[in-house]
Structure formats: structure tokens, C-alpha cells
Amino acid sequence: MLRPNWSPAGGSTHHVALEILRHGPLSRSELARRLDLSQASLTRLTRPLLAGGLLVEVAPRTDPVSGRPTQPLDVVPASHHFLGVKLTGDAAHAVLTDLRGTVLATGSASLPGHDPRDVVEVIAALTAQVGAGQPTATGLGISLGGHSPDGASVTRAPFLDWHDVPLGDLVAARTGIPTVVANDVAALTAAEHWFGVGKGLANFAVITLGAGVGYALVVHDQLVNHSDMGIGLIGHYPLGAGGALCDQGHRGCATAALTIGGLTAQASAALARPVGWEELLELGAADHPVAARLLTDAGHGLGRLIAAVANLTMVDRIVLTGEGVALVGATRAAVDEGIAADREPLASKVDVVVSPGDFTRWARGAAVVAIQDFALQEPDGG
């Protein structure tokens, strides 16, 4: 059985398919309102999509505006599969998703080194493992802590010691799957935007905590992209005149104050022994004086960073995620105090949402970038 092709002919038909993919299931009347189409035009545009199997009618429901029963339209999520790979300095984490970014399978593998050829072989083997038993993936997304201005080449990736690596072309040639490369924070934000806690919001920001501090912004329903995306600009935002030094010599910046490595290094120095992230959190929960002070100060600094983003962008929501996001739960009172310290009392309350930040979520972000690359391509003749 052939799977439906994503070939909605371009123009308004393409817009209809995208709207249902991102926000469906949608009734015909709701879809007409969203796209400012007449019912006759909508019927004409959806007829070939239904006939081709790209759209299907799903269980009836009551229209929220008219109160009448409707037959909503939706895509078939299982009609296409996508692979996503998140690269760190020492591992690759992969997922298989459907057309809506729902994770169907996961896997991880260590990197034998940073030679691009070795990394490509790990990606090829891992994606074959994750996609085993499923139809060939429609697309493959790769995210990493670095910069890929063209979606194919990696101009800079500090954790891998890479400069000007044509990763997308290498992986596509090895796997036979169309491949797109993206900054990991941008990819994670794309997933939250289309299918996560940012769905339906025209404006929101994402702050990630982990090996670094990341930041991305969605304005007017579009991810703000820039040639400097991926070089860690927010990581050097100053949070206080004191504090530890980062590797660039900045004292008290976000990298020194909020990253897992920065906090565990300070704890290890204070206790004169190695202290890992999980132990630091456990010591903080037990009110150990060193751990409690470090975490409380970090929480306050994070609150100040949140306030700065809210003050400068006036977004509707700020999403906190990443493998270090447990800092928020451990220091929520300090985070709130930090927000209040730098926020105008008359300003609206900052909507702060904490989203899980494990490596499966990062890899899902890479898969969603592949979904976007596939679905946003306007067909010829549209």
C-alpha cells in the first residue's frame, strides 16, 4: 500500500494542508475562518487532499463557535516517518517520529571520536537501528550545539571541534535520506512551536540549560534566525558583578552561573572533591550549605535572565528546558525572586513554562526540523 504523498499542489491548497498539520484536527468552518476562505473555496481545495489520502475525516465534534456538529479534517500522522539525531560531544541520540513529531522509537550511541567520517557512520548505524521495521524515513534532521547557516554545512561546532563540515551532504550520501542540519536550540524551539508548549502562540522565547545556556525567539509566528545563532550569545549575558569566571574571562555571566559544568565546578572547588550534577541537586535538597547557596544564587540569576528576556522581547511565554532544567524545580522561590527583582511591578506576569529537557526531546527537535523542511517546501507550480 502506497503512503499518501505530501503534494498539495501549492498555493492555497498547500496552506490548507499546513494549517491542518500544525493545528488539526479542524472543522471546515474553523479552517475557513483561519484562512479567510469561503466554504465553496475550502471545499474545492480540500477535495483533492481527501481523495489523495493526505487528509481524512475524523470523529465528529461540536463546532466551538456555531455549536453545530462538524466533521473535522486531519492529516494521517503515520503516513510519513522522520528521523532526528541530536549530537553532543560524546554521543548521538536518535528518535523516529511520525508526521506530527510523536516519538515512536529512540536510541543512543557513543561517538568513537570527532572525525566527521566516524560520526557519519554512527549516525547511519543508529538511524538504521531506530527506523528498523518501519517504512523508509521521509527525512532526517540533525541538531548540534553549533551553527549551520544553510541547513547542510556546520560552520562551527565547539563541542565537536568542527569547522566547515558538510555534514548534511555526507549523511544524505551515506543513508540515502534527505538530511537537514540545524542548531540544537533552534530545533528544540521549532518542535515547541509546531507541536509543543508554544503551539498556537505567535510570540514566545526558549531558554535552555545544560552544557551551555541557549536562547531562541519566535516572533509573529516565525523563528528569529540569524547568522550568529549557535555561538552562545546569551551565555555571556552578565548576571552579577561577582561570581565565577567563564572560559572567556567573563565574571558572573550566564555560562559561569547557570550551566551544569559551571555549577559542578564551583561545588567541586568548594568541597575539594568531584561533585556531579545529581549529587549537587541532592545536597541542595538536603540543605547542604555549599550546595544550597550555589543553587539559590543560580536560581536567582536565572530569574534575572528570564526578566531580561521578558523585558526586552515582551513575549507571551518563556519556555525553560534542557538537561539542566531541574535547577528550576530545585530553586523556584529564588527564580521568582530574581524575576521580581528586575521586573516592573506593573508589568504583566511572566508566563514561565518548564518543559522536559532530556536528549529524546532534543532529538525530537531535530526530527521536527526535518518535518518542517519537508512540509514547507512549496510544490512547483503553486
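As shown above, the structure is provided for reference.
Here is a short report on the structure shown in this document. Everything quoted here is computed from the prediction, not taken from an experiment.

**Observations concerning the overall build of the chain**
Scanning the chain for helices and strands turns up 13 helices and 14 strands. Relative to the compact-globule value of 21 Å for 382 residues, the chain shows a C-alpha radius of gyration of 23 Å, a close match. Counting only C-alpha atoms, the chain reaches 70 × 55 × 35 Å along its principal axes. Within the chain, the proportion of its 382 residues that are buried is 50%. Restricting the contact set of the chain to residue pairs at least 6 apart, pairs at least 24 apart contribute 60%.

**Description of the sheet that holds strand S8 (residues 139-144)**
Paired through their backbone hydrogen bonds, the strands of a sheet run either parallel or antiparallel. A sheet is described by the order of its strands in space; here five strands give the open sequence S7-S6-S5-S8-S9, paired in mixed fashion. Looking at strand neighbours, the two that pair on one side only are strand S7 (103-110) and strand S9 (179-183), the edges of this open sheet. The average angle at which neighbouring strand axes cross in this sheet is 20°, direction not considered. Where S8 and S9 come together, five bridges link them in parallel fashion. If you follow Leu140 over to S9, its bridge partner there is Thr179. Set on the sheet, helix H4 (residues 116-130) makes contact with strand S5 (82-87), strand S6 (91-97), S7 and S8; between it and S7 the angle comes to about 145°. Packed onto the sheet, helix H5 (residues 167-175) meets S5, S8 and S9 and runs at close to 145° relative to S9.

**Comments concerning unusual backbone geometry**
Each neighbour pair has its own omega, and for Gly24 with Pro25 the value is 5°, a cis peptide bond. For Pro25, the location among the structural elements is in the loop between helix H1 (11-23) and helix H2 (28-35). Even without glycine at this site, Asp36 takes up a positive phi of about 55°. Judged by its relative accessible area of 70%, Asp36 falls in the exposed class. Notably, Ala272 is not glycine yet its phi reads approximately 60°, a positive angle. In this fold, Ala272 is placed in the loop between helix H8 (260-271) and helix H9 (277-285). For Ala272, a relative accessible area of 72% puts it in the exposed group.

**Notes on the nonpolar core**
Counting 36 residues, the largest nonpolar core has Ile207, Leu258, Leu302, Ile306, Ile318 and Leu320 as the members making the most contacts within it. For this core, the element with the most residues is helix H10 (residues 289-313), which contributes nine residues. The next biggest cluster of nonpolar side chains, apart from the first, holds 30 residues, and it includes Leu21, Leu31, Leu45 and Leu73.

**Quick notes on the sheet that holds strand S13 (residues 318-321)**
Sheet architecture is open: five strands sit in the order S12-S11-S10-S13-S14, paired in mixed fashion. Of all strands in the sheet, those with a lone pairing partner are strand S12 (222-223) and strand S14 (352-354), marking the two edges.

**Here we look at the side chain of Glu19**
Among the secondary structure elements, Glu19 is positioned in helix H1. Among residues more than four places away in sequence, those in contact with Glu19 are Gly24, Leu26, Leu31, Arg34 and Leu35.

**Describing the packing of aromatic side chains**
Here a ring pair, both rings aromatic, is described through the centre-centre distance and the interplanar angle of the planes. Summed over the entire model, instances satisfying the criterion amount to two aromatic pairs. Their ring planes at 55° and their centres at 5.6 Å tell us that Phe82 and Phe374 sit as a pair that is tilted. Within this pair, whereas Phe82 is found in strand S5, its partner Phe374 is found in helix H13 (residues 359-375), the two being separated by 292 residues in sequence. Pair check on accessibility: Phe82 and Phe374 agree, each one buried. Taking the centre distance of 5.9 Å and the plane angle of 90° together, the rings of Trp194 and Phe195 count as edge-to-face. One exposure class covers both Trp194 and Phe195, and it is buried. Between Lys86 and the ring centre of Trp362, over which it is positioned, the NZ or CZ distance is 4.7 Å.

Criteria and cut-off values
- Starting from 1, residues in each chain are numbered consecutively following that chain's sequence as written.
- Whole-chain, interface and lining totals are the exception, using all residues; otherwise, since this is a predicted model, local features are given only for residues with pLDDT of at least 70 and side-chain atom pairs are given and counted only at 80 or more.
- Only heavy atoms go into the side-chain values, all of them from the structure, while hydrogens and water stay out.
- Under the scheme used here, helices are H or I runs from DSSP no shorter than 4 residues and strands are E runs no shorter than 2 residues, and both carry numbers assigned from the N terminus.
- Only the C-alpha atoms count toward the radius of gyration. The rule for a globule is 2.2 Å times the residue count to the power 0.38.
- Buried means the residue's accessible area, taken with a 1.4 Å probe over protein chains only, is under 20% of the maximum for its type, while exposed means over 50%, and partly exposed covers the values in between.
- In what follows, a contact means two residues having at least one pair of non-hydrogen atoms within 4.5 Å.
- We call two strands paired when DSSP finds no fewer than two bridges between them.
- In this analysis an axis means a line fitted to C-alpha atoms, helices contributing only their contacting stretch, and an angle means the value between N-to-C directions, from 0 to 180 degrees.
- As used in this record, nonpolar core signifies buried Ala, Val, Leu, Ile, Met, Phe, Trp, Tyr and Cys residues forming a set joined through side-chain atoms within 4.5 Å.
- Each pair of aromatic rings taken from Phe, Tyr and Trp, with Trp reduced to its six-membered ring, is defined by centres within 6.5 Å and is described as stacked if the planes are under 30 degrees apart, edge-to-face if over 60, and tilted in the remaining cases.
- When the NZ atom of lysine or the CZ atom of arginine is within 6 Å of a ring's centre and also within 35 degrees of its normal, the charge is said to sit over that ring.

Any link to function would need more than the numbers given here.
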